[in-house]
Amino acid sequence: MDKNFQEEFTQIIKFEPPLYKQRHQFIKDLVEKYKPKKVADLGCADCSLLWMLKFCSCIEVLAGLDICANVMREKMHKLSPLPVDYLQPSERSLTVTLHHGSVAHKDPCMLGFDLVTCIELIEHLEESELKKFPEVVFGFMAPSIVVISTPNSEFNPLLSRVMLYRHPDHKFEWSQAQFQSWALETARCYGYSVEFTGVGHPPTGMEKVGFCTQIGVFFRKYPQTGESVQSEEPTEAVYKTVFKAVYPSLKDEKYLQNAVISEVIFTAQIIKHRLMSKREEYGDDPERKSKFQLSVDCFPDYLGKPVVEKNMEPFVSGNEAYIPLTTIFSFPKVNRLCGTFERLRKLIAGKVTLSSDGSALMFNIEHENEEN
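The name an unreviewed UniProt entry assigns to the protein chain is Small RNA 2'-O-methyltransferase, from the organism Phainopepla nitens. Within the UniProt record for the protein chain, the comment given under Sequence similarities (unreviewed entry) is "Belongs to the methyltransferase superfamily. HEN1 family." Under Catalytic activity (unreviewed entry), UniProt gives the following word-for-word description of the protein chain: "small RNA 3'-end nucleotide + S-adenosyl-L-methionine = small RNA 3'-end 2'-O-methylnucleotide + S-adenosyl-L-homocysteine + H(+)".

A. Seen up close, the sheet that holds strand β7 (residues 213-220). Within the open sheet, the 8 strands sit side by side as β6-β7-β5-β4-β1-β2-β3-β8. Their pairing is mixed. In the strand order of this sheet, the two ends are held by β6 (192-199) and β8 (240-246), each with one partner. Between one strand axis and the next, the sheet turns through 15° on average, direction left out of account. In this sheet, strand β2 (residues 61-66) lies alongside strand β1 (residues 38-42) in parallel orientation, the contact comprising 5 bridges. Counted as the bridge partner of leucine 42 is leucine 65 from β2. Set on the sheet, helix α6 (residues 127-141) makes contact with β1, β4 (115-119), β5 (145-151), β6 and β7; between it and β5 the angle comes to about 160°.

B. Region of the structure containing the pairing of β4. β4 sits mainly inside the fold: 5 of its 5 residues count as buried. Residues Leu115, Thr117 and Ile119 point to one face of β4 and Val116 and Cys118 to the other, with burial holding for every one of them. For β1 and β4, the ladder comprises 3 bridges, and the chain directions are parallel. Bridge pairing links valine 39 to leucine 115 in β4. Where β4 and β5 come together, 5 bridges link them in parallel fashion. Each residue of the ladder has a partner; that of leucine 115, found in β5, is isoleucine 145. Once the chain exits β4 it traverses α6 before rejoining the sheet at β5, and the crossover so formed is right-handed.

C. Focus on unusual backbone geometry. In the segment running from glutamate 16 into proline 17, the intervening peptide bond is cis, with an omega of 0°. Examined against the element boundaries, proline 17 turns out to sit in the loop between α1 (3-10) and α2 (19-34). Of note in this structure, cysteine 47 is not a glycine but carries a positive phi near 70°. Following the sequence through the fold, cysteine 47 ends up in the loop between β1 and α3 (48-53). The class for cysteine 47 is buried, based on a relative accessible area of 0%. One non-glycine residue, glutamate 120, adopts positive backbone phi at about 50°. Structurally, glutamate 120 is set in the loop between β4 and α6.

D. Representation of the environment of cysteine 109 in the model. Locating cysteine 109 in the fold gives a position in the loop between β3 (95-100) and β4. Measuring from C-alpha to C-alpha, the distance between cysteine 109 and methionine 141 comes to 9.5 Å, with 32 residues separating the pair along the chain. In this view, cysteine 109 contacts His99 and Tyr239; residues no more than four positions away in its chain are not counted.

E. Summary view of the nonpolar core. Ranked by size, the top nonpolar core spans 41 residues in total, and within it Leu53, Ile59, Leu98 and Val147 carry the most contacts. Of all elements in the fold, only α2, α3, β3, β4, β5, β7 and β8 reach the threshold of two or more residues within this core. The dominant element in this core, judged by the number of residues it contributes, is α2, at 5 residues. The contact partners of leucine 53, leaving out residues within four places of it in the chain, are Ile27, Lys28, Val31, Val39, Ile59 and Leu62. Of all hydrophobic cores here, the second largest spans 32 residues; its members include Leu65, Val103, Val146 and Phe179.

Calculation criteria
- In this convention, every chain numbers its residues from 1, walking through the sequence in written order.
- The model is predicted, so local features are restricted to residues of pLDDT at least 70 and side-chain atom pairs to those at 80 or more, both for listing and for counting; the totals for chains, interfaces and linings are taken over all residues.
- Each side-chain value is derived from all of the structure's non-hydrogen atoms; neither hydrogens nor water enter the calculation.
- UniProt positions are given in the numbering used here, feature names are shortened, and annotations may be inferred rather than shown by experiment.
- Strand pairing follows a simple DSSP-based rule, namely that at least 2 bridges must link the two strands.
- A helix here means a DSSP run of H or I that spans at least four residues, while a strand means a run of E at least two residues long, and both kinds are numbered starting from the N terminus.
- Only C-alpha atoms enter the line fits that serve as axes; for helices the fit covers just the stretch in contact. Angles between N-to-C directions range over 0 to 180 degrees.
- A contact between two residues is defined here by any heavy atoms of the two lying within 4.5 Å.
- To sort residues, take the accessible area from a 1.4 Å probe on protein chains only and compare it with the maximum for the residue type: under 20% means buried, over 50% means exposed, and anything in between is partly exposed.
- Classification remark: right-handed applies to a crossover when, strands pointing away from the viewer, the course from the first strand over the helix to the second runs clockwise.
- Residues grouped as a nonpolar core are buried Ala, Val, Leu, Ile, Met, Phe, Trp, Tyr and Cys residues, joined through side-chain atoms within 4.5 Å.

Dropping the structure here:
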């Protein structure tokens, strides 16, 4: 490398977006591509990657592991559900758990994951821990995909104020050849393939230096058998759980019931409002107002377009407005939430006022008549 060329870039290299955001985006893109349901982040530190991943709709289980419990405790609050999560529960389930422990130890709570990320982790490991790391992650946990990122030491001369390592806690920093040699041997031993890439592009003309952060993406070649998992599973847990959050989900009966009742009442109230507005067009003709039906064409667009037969149309009779359950069930959102008409009836039973035969929501409109 030409020394003058090197010194020219040492002072001006600045990554935009910042390098840590590029690493996180790389993981997010991978998640969006492969749709894993269970993801574990080893060396999760401040939980920022986990926080970003909790918004990925495919993920149902998130777990973090770190040797420093204090750092996790300082930041774990941002993984808790927000009020809006309770007001509008997701259709998916999501559980987030943080564990205190070492990646050099096996614990059954880390079995069954689809994707395991190790972002800027291995360079913090002591030699003895690094030797145990492949067996724990690739042999014991054996997820479908493992992502490992680590600093590329060949890039260091281009970074200002880097004397030996980029962080005082780093035990080593590998060149591209060193990392690839370790990764290929690890993949060979445990039945994985590995692809190399990275984030943080070098300056034009210095491509041989490689990415600032080098990344290995490992793919398990063969399905893991239940027998091999059972034989490896330790009898006792060694990690300590420091945080767990279970997000409200429509898969939970109580949240589903609340959502269905809310949607049913909202839909019925909108229909009733349109019903009353349309009915007023008949003015003072008592005969025409005594029993009035509302055509499906009068339903607002934001409710979606139902398929409503003639005998399903809402109507007013005397001081009562009737909104057939079949009409409400035919609206897309209600239909999607309940799945079946019988499920709708079960979820709203005893929670709304129904007609004597249970076929329609019933509203007393006497006060509307008095106001009009």
